[in-house]
Amino acid sequence: MNRPDAYALLCEYVSDISLRRHCLSVEAAMRAYAQKLGHDEETWGVVGLLHDFDYERWSEPADDPLRGSEILRAKGYPEDVITCILSHADYLSDRYPRRTVMEKRLYACDEITGLVTATAILRPTGIGDLTAASVKKKMKAKGFAKGVNRDDVVRGRPTSGSNWTTTSSSSSTR
Ligand SMILES: [Fe+2]
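Residues numbered from 1 in each chain as written. Predicted model: local features only at pLDDT ≥ 70, side-chain atom pairs only at ≥ 80, totals over all residues.

**Q** Would you mind going over the overall build of the protein chain with me for this structure?
**A** When helices and strands are counted, the protein chain shows eight helices and zero strands. Helices (α) and strands (β) of the protein chain occur, in sequence order from the N terminus, as α-α-α-α-α-α-α-α. The C-alpha radius of gyration computed for the protein chain amounts to 15 Å, which stays within 12% of the reference 16 Å derived for 174 residues, consistent with globular compactness. Counting only C-alpha atoms, the protein chain reaches 45 × 35 × 35 Å along its principal axes. The buried share of the protein chain, taken over its 174 residues, is 36%. (Helix = DSSP H or I, 4+ residues; strand = E, 2+ residues; numbered from the N terminus. Rg over C-alpha atoms; globule rule 2.2 N^0.38 Å. Buried ≥ 20, exposed ≤ 12 C-beta atoms within 10 Å, placed from the backbone.)

See below:
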């Protein structure tokens, strides 16, 4: 397992640029968390990069991310990577509950990256000097980035150090 192979796999299965960008943003967030928490950055990065790689072909809950897990297993990806990706699907929580730090952080990164990206795009300086306060402010703006499911963001947040609240619900993004 390595990053170039994982990226090639992502590009093989995902042609939609928005979905690729989403996966890249989750990879970046996972790498940052791995650095911060002292975990293996390459493993966490690959998890972020591949967490939705099967979604374009199999977007139904009965398939995604189970189809992808079969592909990853056939390619020899580690079980902790596969289980982590499976655990980010709420509908699989009975079979793959989020137990590890990596699993919990993947869920946290999945939805929040959409809000971070949407906030950064509006700024002349982009993401470089974007603050958490700016993202939190946008979190409360009902009309902003409607595709970002605020409930998922709140559900995925770390259990300490956050006072985020939700003010609306919307359909989940990938
Ligand atoms: Fe996702």
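**Q** What exactly am I supposed to notice about the environment of C23 here?
**A** Tracing the sequence through the fold places C23 in helix α2 (residues 17-37). Distance from C23 to G45, taken between C-alpha atoms, is 9.8 Å for residues 22 residues apart in sequence.

**Q** In this structure, what is going on with the nonpolar core? I would like to understand it.
**A** When a protein is soluble and globular, its nonpolar side chains tend to lie buried together. Counting 35 residues, the largest nonpolar core has L10, M30, V47, L50 and V81 as its most contacted members. Within the residue set of this core, elements represented by two or more residues are α1 (3-13), α2, α3 (41-50), α5 (79-87) and α6 (101-121). With sequence-adjacent residues up to four places away left out, M30 is seen in contact with W44, G45, V47, G48, R105, L106 and C109. (Core = buried A, V, L, I, M, F, W, Y, C linked by C-beta atoms within 7 Å. Contact = placed C-beta atoms within 7 Å.)

**Q** Teacher, can you tell me more about α6 here?
**A** It helps to recall that an α-helix has 3.6 residues per turn; residues three or four apart then point in one direction. Its 21 residues give α6 an end-to-end C-alpha distance of 29 Å, which sits within 8% of 30 Å, the value for a rise of 1.5 Å per residue. The sharpest bend along α6 comes to roughly 35°, located at I112. A large share of α6 lies buried, amounting to 15 of its 21 residues. (Expected span 1.5 Å × (residues − 1). Bend = angle between axes of the 7 residues up to and from the residue.)

**Q** Mind showing me how you'd approach the packing of α3 against α5 here?
**A** Each pair of packed helices gets described by two things: the angle between the helix axes and the distance between those axes. One way to put it is that α3 packs onto α5 with a least axis distance of 10 Å and a crossing angle of 40°. By the angle between their directions, the pair α3 and α5 is classed as oblique. Crossing of α3 against α5: the hand is right-handed. Touching T43, V46, V47 and L50 of α3 are V81, C84 and I85, all from α5. When the residues that make up the contact of α3 with α5 are grouped by side-chain class, the tally is six nonpolar, one polar and no charged. (Axes fitted to C-alpha atoms, helices over the stretch in contact; angles between N-to-C directions. Parallel < 35°, antiparallel > 145°, perpendicular 65-115°, else oblique. Left-handed = near helix turned anticlockwise from the far one by under 90°. Nonpolar A, V, L, I, M, F, W, Y, C, P; charged D, E, K, R; others polar.)

**Q** How should the environment of M102 be read in this particular structure?
**A** Following the sequence through the fold, M102 ends up in helix α6. C-alpha of M102 to C-alpha of D80: the two residues are 22 residues apart in sequence and 9.1 Å apart in space.

**Q** Looking at this structure, how should I read unusual backbone geometry?
**A** Glycine aside, residues mostly have negative phi, and peptide bonds are mostly found in the trans state. Phi is positive for A145, close to 45°, though the residue is something other than glycine. Assignment of secondary structure puts A145 in the loop between α7 (132-139) and α8 (150-156). Residue classification places A145 among the partly exposed positions, given that 19 C-beta atoms sit within 10 Å.

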